[in-house]
Amino acid sequence: MAIRIQEAPFDPGAELNALAELADGAGAIVAFTGLVRSAPDDPIASLTLECYPELAMNQIGRLVAQAQERFSLIESIVIHRYGTLRPGEPIVQVMTVAPHRGAAFEAAQFLMDYLKTDAPFWKKEATDAGSRWVDARAADDKARARWS
Amino acid sequence: MAIRIQEAPFDPGAELNALAELADGAGAIVAFTGLVRSAPDDPIASLTLECYPELAMNQIGRLVAQAQERFSLIESIVIHRYGTLRPGEPIVQVMTVAPHRGAAFEAAQFLMDYLKTDAPFWKKEATDAGSRWVDARAADDKARARWS
Amino acid sequence: MLAPMKILYFAWLRERLNRGEEEVQPPAEVVTIGDLIAWLRANDEAAELAMQRPEIIRAAIDARIVAHDAPIAGAGTVALFPPMTGG
Amino acid sequence: MLAPMKILYFAWLRERLNRGEEEVQPPAEVVTIGDLIAWLRANDEAAELAMQRPEIIRAAIDARIVAHDAPIAGAGTVALFPPMTGG
């Protein structure tokens, strides 16, 4: 298990390969990478993530430990950035390693659903017209609720 | 969309990074990597995948096109190896790119569920006690059935 | 009086208050997070406006998430913030 | 008689028959994949044993999956194989 909260960029492929080295006895690795999205019909110039790092470590640490136990994972890693990112840049990467694919897929979705609502980051989009805080989405609350 | 059926090894992280370059407008990438699994209580020396390449291209090509349409993917890639592989080696990688995480996760699971039952590969495990063909699993038929 | 405690604000709450942290020393009748929010609102016009809908404000005590009925006695740091948008 | 056609065998079917492919020329009454399997079994002891449970054998005509009731007229290549274990 590992969690990293960092301002620096990370390399999604290098992270996946480093994890694969630890995947002894595994049959399945799922890597989810979340990117700064700039929709063609509503482009953004940048996304700034504000963070409460100490709380993030506590919340995500507990979450990863829950996933590890609930889905009998071999390994699990969460990397989450903060600071100002450009469109296309990776924000978050969640990776899960399990004997079989079902557990790896489920655990990665579990982690992402909880990160959306329970990880203390706040997103602000900068556009040509100014900047705006991203609202919490009811759909994310619903996605999270399916695990309880 | 791309499919590759090959005997040569591939680099999971390099494949993920190459795809991320094509992910314009995307918010989510899911990469599933399937590895040759050697369970501690039932170790194998190697896994040999037999393949009917022409049928594999047809089957997987149709499958990827279905996934692309059904889940409105931005991009999707399937890489599948054949030949003799050692424990821990990547067998298959499925990657899906979408605006949001739900579609990317679902599409990757859809593709994996169908590959298990509809891609013309046959697995033979070599152990100290000899070699054996891997049986098709009822659980895989069931996993596939949830999409229809 | 309670012992002095640090309050952290994040995101639009921080912006509307124009400060990321402050030190406060609430009176003894301020028992819970909910009481603290009400007391902050009563004593500061910016806070009154920024937390007009106190029910959407989330809170942590010493970097652990808590509900509005959590007691603040003994808290070193209280954080107040909008719903999180991680991932 | 139908035109000669190639048959491909895979996995344990290939091993039990001790061949990966062969050319055959079935009589005209062999209309479907199911008929072809029955005819192969009737004419070869190894095939009789290898396809003891014909219902589990999968088939493709010219690299397209077909059911056992598919007609084989015009087929260039018929493939017969066990359930697939891809992924």
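From a predicted model like this one, the values you see are computed outputs, not experimental measurements. (Residues numbered from 1 in each chain as written. Chains lettered and ligands numbered in written order. Predicted model: local features only at pLDDT ≥ 70, side-chain atom pairs only at ≥ 80, totals over all residues. Heavy atoms only, no water.)

**Student:** Can you help me understand the packing of helix α1 (residues 12-20) of chain A against helix α1 (residues 12-20) of chain B in this one?
**Tutor:** Two packed helices can be described by the angle between their axes and the distance between those axes. Two elements in contact, α1(A) and α1(B), have axes whose closest approach is 7 Å; the angle formed by their N-to-C orientations is 160°. Between α1(A) and α1(B), the angle is such that the two are roughly antiparallel. For the element pair α1(A) and α1(B), the recorded crossing hand is right-handed. Contact residues: A:P12, A:G13, A:A14, A:L16 and A:N17 in α1(A); B:P12, B:G13, B:A14, B:L16 and B:N17 in α1(B). For the contact of α1(A) with α1(B), a count of residues per class yields 6 nonpolar, 4 polar and no charged. (Axes fitted to C-alpha atoms, helices over the stretch in contact; angles between N-to-C directions. Helix = DSSP H or I, 4+ residues; strand = E, 2+ residues; numbered from the N terminus. Parallel < 35°, antiparallel > 145°, perpendicular 65-115°, else oblique. Left-handed = near helix turned anticlockwise from the far one by under 90°. Contact = heavy atoms within 4.5 Å. Nonpolar A, V, L, I, M, F, W, Y, C, P; charged D, E, K, R; others polar.)

**Student:** Sorry, what's going on with the interface of chain C and chain A here?
**Tutor:** Size of an interface, as often reported, equals the accessible area lost when the parts are brought together. Chain C puts 20 residues into the contact, and the matching count from chain A is 25 residues. For the pairing of chain C and chain A, the buried interface totals around 1,800 Å² over both sides, and the portion due to carbon and sulfur atoms is 57%. Three residues, C:M84, C:T85 and C:G87, lead the burial of chain C against chain A; their summed loss comes to 38% of the area buried on that side. Between chain C and chain A we count 2 salt bridges in total. (Buried area = accessible area lost by both parts, 1.4 Å probe. Salt bridge = Lys/Arg side-chain N within 4 Å of Asp/Glu carboxyl O.)

**Student:** Teacher, can you tell me more about the relation of the copies chain A and chain B here?
**Tutor:** There are two copies of the chain, and a rotation about an axis plus a shift along that axis relates them. Mapping chain A onto chain B is achieved by rotating through 180° and translating by 0.0 Å along the same axis, at an RMSD of 0.0 Å. Here the symmetry operator amounts to a two-fold rotation axis. Of every C-alpha in chain A, the one belonging to A:G13 sits nearest the axis of rotation, 1.7 Å from it. Most of the interface of chain A is mirrored in chain B, where 100% of its interface residues again form contacts. (Least-squares fit on C-alpha atoms with pLDDT ≥ 70 in both.)

**Student:** In this structure, what is going on with the nonpolar core? I would like to understand it.
**Tutor:** Side chains of a nonpolar character, in soluble globular proteins, are inclined to be buried together. If you look at the biggest cluster of nonpolar residues, it comprises 68 residues, and the most contacted ones within it are A:I60, A:V94, A:L115, B:I60, B:V94 and B:L115. Excluding residues that lie within four positions of it along the chain, B:L115 makes contacts with B:I60, B:L63, B:V78, B:V92, B:V94, D:G86 and D:G87. (Core = buried A, V, L, I, M, F, W, Y, C linked by side-chain atoms within 4.5 Å. Buried < 20%, exposed > 50% of the residue type's maximum accessible area, 1.4 Å probe, protein only.)

**Student:** So what exactly am I meant to see when it comes to the sheet that holds strand β1 (residues 5-9) of chain C here?
**Tutor:** Within a sheet, neighbouring strands are paired by backbone hydrogen bonds and run either parallel or antiparallel to one another. Reading across the sheet, the 5 strands line up as β2-β1-β5-β3-β4 (chain C) and stay open at both edges, with mixed pairing between neighbours. With partners counted over all chains shown, the strands left at the sheet margins are β2 (21-24) and β4 (64-66) of chain C, one partner each. Taken pair by pair, the neighbouring strands of this sheet meet at an average axis angle of 30°, ignoring direction. Note that β1(C) and β2(C) share 4 bridges and pair antiparallel. By the bridge assignment, C:M5 is partnered in β2(C) with C:V24. Along the sheet, helix α2 (residues 53-70) of chain A makes contact with β3 (58-61), β4 and β5 (77-81) of chain C, crossing β4(C) at roughly 85°. Sitting on the sheet, helix α2 (residues 33-43) of chain C is in contact with β1, β2, β3, β4 and β5 of chain C, with an inclination near 70° to β5(C). (Pairing = 2+ DSSP bridges.)

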